[in-house]
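Residues per chain, in single letters:
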Amino acid sequence: MSRRYAPEEPDYDPRWASIIAAAGAPSPLDYRPPADLGLCVLHLDDAVLALDKPALLLSVPGKGAGMEDCLEARAKAAFPEARTVHRLDRPTSGVVVMARDAAAHRALGWRFERRQIEKTYVARVAGVVRGAEGEIDAPLCGDWPRRPLQMVHFEHGKPARTVWRRLAVEDGATRLELTPVTGRTHQLRVHLAWIGHPILGDEFYAPEKIRRAAPRLQLHAAALRMTHPRGDAPLHLAAPCPF
């Protein structure tokens, strides 16, 4: 059964919007990057470097002292020519693609901008999601008084769509496969909280009980499909889900 969540549909639970809105501004980040155990290289050629980013590691340097350690810095230590193409949130793990020269960087950036990259995530969310598959269609914008939080806003938000498929039900939680059609900031986290199924371990968008139900955000960038920046051959990159 397919299930659609959208403002005109009676199928979503609006109480979660008020729960998110009632949350305070996030606390200043106490950045404690995971130990550097070496890069997990998923793919390497003369144009593309693909890595499995560990959870709780920044993709690029943060602002302020003590936030220099990040995936980009670790990659450059081994591959000085590596250039960041896209990012994952700090608590999210999984596939990250980097370019190894300027031409590859331009080509990959072009693919990301034009949504020619197919991304697949795995998440564990609170509660039992009804239906086998569906779509969440809810526009997003920044919640500026509480940066970096985002929110669903039907007047000022930009279009945001997430396709989901139920993989399993596990002890009161549901494992989902997620495909973001758009790429808004925190899109998956906000969309799932908005429909009443916050991601376990989410420090921004989940109530405290759900936040404490997992030792980390249960969101993983499991796969990425695209064409190679040189020659357009299909390239499928995958990282096993660690939870």
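Residues numbered from 1 in each chain as written. Predicted model: local features only at pLDDT ≥ 70, side-chain atom pairs only at ≥ 80, totals over all residues. Heavy atoms only, no water.

A. How the structure looks around empty space enclosed by the protein. The tally for this structure, following the rule as stated, stands at one cavity of 30 Å³ or more. In this structure, the largest cavity encloses a volume near 40 Å³. Forming the walls of the largest cavity are His86, Leu88, Val95, Lys119, Thr120, Tyr121, Ala221, Ala223 and Leu224. Contributions of two or more residues to the lining of the largest cavity are made by strand S6 (118-126) and strand S12 (219-227). Each residue belonging to the lining of the largest cavity can be placed in one class, and the counts come to six nonpolar, two polar and one charged. (1 Å grid on protein atoms, 1.4 Å probe; cavity = no way out; pocket = protein on both sides within 12 Å on 5 of 7 lines; lining within 4 Å. Points joined across faces, edges and corners; volume = space filled by probe spheres on them. Helix = DSSP H or I, 4+ residues; strand = E, 2+ residues; numbered from the N terminus. Nonpolar A, V, L, I, M, F, W, Y, C, P; charged D, E, K, R; others polar.)

B. Local environment of the nonpolar core. Leu178, Leu192 and Leu219 are the most contacted members of the largest nonpolar core, which has 39 residues in total. The contacts of Leu219, once residues within four sequence positions are left out, are Thr92, Ser93, Tyr121, Val122, Ala123, Leu178, Leu188, Arg189, Ile199 and Phe243. Counting residues in hydrophobic clusters, the runner-up holds 16 residues, among them Val85, Ala99, Ala104 and Leu224. (Core = buried A, V, L, I, M, F, W, Y, C linked by side-chain atoms within 4.5 Å. Buried < 20%, exposed > 50% of the residue type's maximum accessible area, 1.4 Å probe, protein only. Contact = heavy atoms within 4.5 Å.)

C. Spotlight on helix H2 (residues 71-78). Those residues of H2 lying buried are Leu71, Glu72, Arg74 and Ala75. Angularly, the buried residues of H2 cover 165° about the axis, an arc narrow enough to put them on a single face. At its buried positions, H2 is contacted by strand S3 (48-53), strand S4 (83-84) and strand S5 (93-99). (Arc of directions from axis to C-beta.)

D. Spotlight on the packing of aromatic side chains. Taken as a whole and assessed by the stated rule, the structure comprises two aromatic pairs. Relative to Tyr205, the ring of Phe204 lies with its centre 6.1 Å away and its plane at 85°, an arrangement referred to as edge-to-face. (Phe/Tyr/Trp six-rings, centres within 6.5 Å; stacked < 30°, edge-to-face > 60°.)

E. Inspection of the side chain of Glu135 at higher detail. Along the polypeptide, Glu135 turns up in strand S7 (residues 133-137). By relative accessible area, Glu135 is classed as buried at 19%. A polar side-chain atom of Glu135 sits 3.0 Å from a polar atom in the side chain of Arg161. (Polar contact = N/O pair within 3.5 Å; in protein donor to acceptor, adjacent residues only side chain to side chain.)

F. Summary view of the environment of Ile117. Mapped onto the elements, Ile117 comes out in the loop between helix H3 (102-113) and S6. A relative accessible area of 11% means that Ile117 is categorised as buried. Leave out the neighbours within four places in its chain, and Ile117 touches Arg111, Phe112, Leu224, Arg225 and Met226.

G. Broad picture of the environment of Thr227. Structurally, Thr227 can be placed in strand S12. Assessed through its relative accessible area of 30%, Thr227 is described here as partly exposed. Taking the C-alpha atoms as reference, Thr227 lies 8.1 Å from Ile117; in sequence the two are 110 residues apart. Excluding residues that lie within four positions of it along the chain, Thr227 makes contacts with Arg111, Asp232, Ala233, Pro234 and Leu235.

H. Molecular detail of the pairing of S3. Burial analysis of S3 places six of its six residues in the buried class, which makes it a mostly covered element. Here S3 shows a buried face lined by Val48, Ala50 and Asp52 and a second buried face lined by Leu49, Leu51 and Lys53. Relative to S3, strand S2 (residues 41-44) is paired through three bridges, and the arrangement is antiparallel. Residue pairing for S3: Leu44 is matched across the bridge by Leu49. Taken together, S2 and the strand that follows it, S3, pair antiparallel across an intervening segment of three residues. Bridge count for S3 against S5 is six bridges, and the pairing is antiparallel. Looking across to S5, one finds that Lys53 is bridged to Gly94. (Pairing = 2+ DSSP bridges.)

I. Spotlight on unusual backbone geometry. Note the cis peptide between Arg147 and Pro148, where omega equals 5°. Examined against the element boundaries, Pro148 turns out to sit in the loop between strand S8 (140-142) and strand S9 (150-152). Phi is positive for Leu56, which is not a glycine, with a value near 75°. With respect to the helices and strands, the residue Leu56 is situated in the loop between S3 and H2. One non-glycine residue, Asp232, lies in the positive phi region at around 65°. Tracing the backbone shows Asp232 in the loop between S12 and strand S13 (234-238).

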